[in-house]
Structures are given as structure tokens and as C-alpha cells.
Amino acid sequence: GESVGLHLPTLSVQEGDNSIINCAYSNSASDYFIWYKQESGKGPQFIIDIRSNMDKRQGQRVTVLLNKTVKHLSLQIAATQPGDSAVYFCAENSRGGSEKLVFGKGTKLTVNP
Amino acid sequence: GAGVSQSPSNKVTEKGKDVELRCDPISGHTALYWYRQSLGQGLEFLIYFQGNSAPDKSGLPSDRFSAERTGGSVSTLTIQRTQQEDSAVYLCASSYGAKGKGAQHFGDGTRLSIL
């Protein structure tokens with residue numbers, strides 16, 4: 001069945017360093033991917049998305065890379081700040097299917113000052 | 001403009017009682033989704049509404065769960081005869097309903113605790 005998972009459940013970085021959060025997916029029909037940030041007590045907040053016809057997309061301080069060959073997705077955060085501390089989820093949606101998203105379990109990012 | 005609004009933010013009830021959770025989507029969004037998040041877990045899809053189409057109910061865990069969306073806007077998720085395993089955060093999201101035309105935007109959820 002479908003599954004989206006993360007390699008590392010926790011990640012701790014120093015303020016100012018770059019962070020990389022990884023995600024593996026198993027559904028080859030997935031064609032749309034989203035990264036969300038979730039702070040304690042809040043709902044997931046949209047960060048960036050990417051379609052399967054792209055392999056890289058950049059936002060403000062964030063970059064998403066998609067490798068369809070190995071079904072791997074990553075989120076890069078440049079110059080990580082304490083406010084970036086949160087749980088990050090990748091989510092995917094399958095071509096031709098419902099608009100529902102399949103979420104991974106999340107990676108907790110801690111930024112140390 | 002306002003984001004997705006959910007109420008109540010917290011709900012504590014006794015096992016066996018019925019509960020209703022409300023979601024007000026972002027104005028103009030035609031698609032509405034309900035997800036459930038257990039402690040320390042990812043989000044589990046429950047149900048999806050898109051316009052006047054029949055909802056996708058494939059994620060509802062049992063027939064105790066149901067949802068309605070009136071007038072294409074506000075949605076209510078109802079859980080009948082609640083069980084302790086229903087304790088979770090229930091999240092609602094809305095979008096324009098077409099991939100690539102806007103991602104799903106979430107409310108802050110209703111934290112449901114069943115005693």
C-alpha cells in the first residue's frame with residue numbers, strides 16, 4: 001500500500017547551520033509532494049510543494065529536492081533559526097487518485113542557539 | 001483573510017457520548033478535508049469533500065464516524081458513542097481542490113480527549 005516515511009525521527013542543529021530533512025515514499029504513482037511544518041499545539045503549516053515534473057524548487061530559505069528514481073524527497077533549510085524548531089512532515093498525493101494526502105510520521109527539528 | 005477555523009479547540013467527554021467538531025474553511029476553497037493525528041504521529045486521512053461531488057469517506061475508521069458539509073462551506077465531523085481510542089487531534093484543511101492550484105491549509109485542530 002501507500003507509505004511515506006522519514007529516515008530520521010529527530011534532528012538537532014546549531015543556529016546558522018543548514019538543515020536537511022529527508023523523506024522516502026513508496027508509491028510510484030505519487031506526483032505531488034508537500035512539506036509542512038507543525039509547531040506544538042498548532043496545525044501543519046504549508047512550507048513548499050513540488051510536482052513530479054520538477055526535481056528542485058526553491059522558496060525563501062527552503063529548497064525541496066525530488067529524486068523520482070529512488071523515490072526520495074528532501075527539505076533543505078538554509079541558515080536555520082530557533083524559530084525553525086518544529087516537527088516537519090512530508091506528504092504526497094497520487095496521480096489520478098483522491099486529493100487526500102498521505103503523511104509521513106514527521107521529523108522533529110531542534111535548533112540550538 | 002481568515003484561515004481555517006475549528007471549534008472547539010479542546011473537547012473532553014465521557015466514553016459513550018457523541019461529539020460534534022466544526023470546521024470553517026477558507027473562503028473560496030471548494031475542497032475540505034478531515035484528518036486525525038494521534039500523539040506523536042503523522043496525520044491520518046478521514047474524509048474529503050469537493051464541491052457537489054460525493055465525499056471520499058475511505059478513511060473513516062468505523063461507522064461511528066460521519067461528516068457533513070452544508071452549503072459547500074462549513075463542515076461537521078460527528079463521532080457517535082465515543083471510545084478512548086478516539087482521543088486525538090482532529091484537523092481540518094481546505095484547498096482550491098485541484099492539485100497545483102493551492103496546497104491544503106490546516107486549522108489548529110480540535111484536541112479530543114475521551115475519559
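Residues numbered from 1 in each chain as written. Chains lettered and ligands numbered in written order. Predicted model: local features only at pLDDT ≥ 70, side-chain atom pairs only at ≥ 80, totals over all residues. Heavy atoms only, no water.

Asker: Describe the overall build of chain A, naming the residues involved and giving the relevant values.
Answerer: Assigned secondary structure in chain A consists of zero helices and eleven strands. Sequence separation of 24 or more characterises 54% of the internal contacts of chain A that already satisfy a separation of 6 or more. Accessible surface, chain A as shown: approximately 5500 Å² in total, 47% of it carbon and sulfur. (Helix = DSSP H or I, 4+ residues; strand = E, 2+ residues; numbered from the N terminus. Contact = heavy atoms within 4.5 Å. Areas by Shrake-Rupley, 256 points an atom, 1.4 Å probe, with all protein chains shown as cover.)

Asker: Can you break down the sheet that holds strand S1 (residues 5-7) of chain B residue by residue, with the values?
Answerer: All names here are of chain B. With antiparallel pairing, the four strands of this open sheet are ordered in space as S1-S3-S7-S6. Of all the strands in the sheet, just S1 and strand S6 (65-69) have a single pairing partner and so form its edges. Each adjacent strand pair in this sheet contributes to an overall mean axis angle of 15 degrees, direction not counted. With three bridges joining them, S1 and strand S3 (residues 19-24) adopt antiparallel strand pairing. Of the residues in S3, the one forming a bridge with Ser5 is Asp24. (Pairing = 2+ DSSP bridges. Axes fitted to C-alpha atoms, helices over the stretch in contact; angles between N-to-C directions.)

Asker: How would you summarise the pattern of salt bridges if you had to cite specific residues and measurements?
Answerer: Summed over all chains, the structure comprises six salt bridges over all chains. Here Asp108 of chain B makes a salt bridge to Lys42 of chain A, at a shortest N to O gap of 4.0 Å. Taken together, the positions of Asp108 of chain B in the loop between strand S9 (105-106) and strand S10 (110-114) and Lys42 of chain A in the loop between strand S4 (30-38) and strand S5 (45-51) put the pair across two chains. Take Lys42 of chain A: its relative accessible area is 44%, and that puts it in the partly exposed class. Among the salt bridges present, the one from Arg61 of chain A reaches Asp84 of chain A, with a minimum N-O distance of 2.9 Å. Of this pair, Arg61 of chain A sits in the loop between strand S6 (56-58) and strand S7 (62-67) while Asp84 of chain A sits in the loop between strand S8 (72-77) and strand S9 (86-94); the two residues are 23 residues apart in sequence, bridging distant segments of the chain. Its relative accessible area of 29% is what places Arg61 of chain A among the partly exposed residues. (Salt bridge = Lys/Arg side-chain N within 4 Å of Asp/Glu carboxyl O. Buried < 20%, exposed > 50% of the residue type's maximum accessible area, 1.4 Å probe, protein only.)

Asker: Tell me what's going on with the layout of surface pockets, and back it up with residues and numbers.
Answerer: Considering only enclosed or pocket space, the largest pocket measures out at about 660 Å³ in volume. At four residues, the largest contribution of residues to the lining of the largest pocket is made by S10 of chain B. Counted by class, the lining of the largest pocket contains nine nonpolar, 16 polar and six charged residues. Approximately 240 Å³ is the volume found for the second largest pocket. The wall of the second largest pocket is formed by Lys37, Gln45, Phe46, Ile47, Ile48, Gly59, Gln60, Arg61, Val62, Ile77, Asp84 and Tyr88 of chain A. Considering every element that reaches the lining of the second largest pocket, the biggest residue donor is S5 of chain A, with four residues. (1 Å grid on protein atoms, 1.4 Å probe; cavity = no way out; pocket = protein on both sides within 12 Å on 5 of 7 lines; lining within 4 Å. Points joined across faces, edges and corners; volume = space filled by probe spheres on them. Nonpolar A, V, L, I, M, F, W, Y, C, P; charged D, E, K, R; others polar.)

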